[in-house]
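Geometric and topological summary
One-letter residues, chain by chain:
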Amino acid sequence: MTNRIVTGARYGLRDWLAQRITAVIMAVYSVIAVFVLLTGKPITYGVWRDLFTQGWMRVATLLFAASLAWHAWVGMRDILMDYIKPTGVRLALETAVAVALVGYAGWALQILWSV
């Protein structure tokens, strides 16, 4: 029988796969963004605003922000589980990271839909 730590530990394929999928999404978005920025007009506020008023760019950017938040969560949670042994301290840090990431994702949503 395996002795497993129950306090937030994850074992298996799910987190590994989440890291890979979110990395691919972020890489594809980055390539598209570079392509759009390099093949378009010189970047001014008007061009930038027009780009982000298009629905596909808003959705793609929101998907990027959500992928970044999930990727960061999995990575930070694993780092904290590996290096912070006191459970209370680890839980407090994990909570702080989760609140920050949700806040950043919410801020991105607000920015994208206020244009």
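Here the structure is shown first, and the text comes after it.
The present account deals with the structure reproduced in this document. Quick caveat, the model's predicted, so the values are computed rather than measured.

Regarding the side chain of E94
Looking at where E94 falls in the secondary structure, it is placed in helix α4 (residues 87-112). Among residues more than four places away in sequence, those in contact with E94 are W73, R77, L80 and M81.

Comments concerning helix α1 (residues 13-39)
A rise of 1.5 Å per residue sets the reference length of α1, with its 27 residues, at 39 Å; its end C-alpha atoms lie 39 Å apart and thus fit the reference within 8%. Within α1, burial applies to D15, A18, Q19, T22, M26, Y29 and A33. Contact partners of the buried residues in α1: α2 (45-53) and α3 (55-83).

Examining the packing of α3 against α4
In a pair of packed helices, the angle between the axes and the distance between the axes together describe the arrangement. Their axes nearest at 10 Å, the elements α3 and α4 cross at an angle of 175 degrees. Our classification of the angle between α3 and α4 gives roughly antiparallel. Counted together, R58, T61, L62, A65, A69, A72, W73, M76, R77, L80 and M81 of α3 and R90, L93, E94, V97, A98, L101, A108, L109 and L112 of α4 form the full contact between these two elements. Taken together, the residues that form the contact of α3 with α4 break down as 15 nonpolar, one polar and four charged.

What to know about the pattern of salt bridges
Within the structure shown, the criterion is met by two salt bridges. When the shortest N-O distance is used, the salt bridge between D78 and R77 registers 3.1 Å. Under the relative-accessibility criterion, R77 is labelled buried at 4%. The network of salt bridges with shared partners includes D15, R77 and D78.

Here's the deal with the packing of aromatic side chains
Inspection of the entire model under this criterion finds two aromatic pairs. Aromatic side chains W48 and F52 sit 5.1 Å apart centroid to centroid with 45 degrees between the ring planes, which places their arrangement in the tilted category. Of this pair, W48 and F52 both sit in helix α2, four residues apart, which is roughly one turn of that helix. Across the ring face of W113, the terminal group of R58 is positioned such that the distance to the ring centre comes to 5.5 Å.

Rules used throughout
- Residues numbered from 1 in each chain as written.
- Predicted model: local features only at pLDDT ≥ 70, side-chain atom pairs only at ≥ 80, totals over all residues.
- Heavy atoms only, no water.
- Helix = DSSP H or I, 4+ residues; strand = E, 2+ residues; numbered from the N terminus.
- Contact = heavy atoms within 4.5 Å.
- Expected span 1.5 Å × (residues − 1).
- Buried < 20%, exposed > 50% of the residue type's maximum accessible area, 1.4 Å probe, protein only.
- Axes fitted to C-alpha atoms, helices over the stretch in contact; angles between N-to-C directions.
- Parallel < 35°, antiparallel > 145°, perpendicular 65-115°, else oblique.
- Nonpolar A, V, L, I, M, F, W, Y, C, P; charged D, E, K, R; others polar.
- Salt bridge = Lys/Arg side-chain N within 4 Å of Asp/Glu carboxyl O.
- Phe/Tyr/Trp six-rings, centres within 6.5 Å; stacked < 30°, edge-to-face > 60°.
- Lys NZ or Arg CZ within 6 Å of the ring centre and 35° of its normal.

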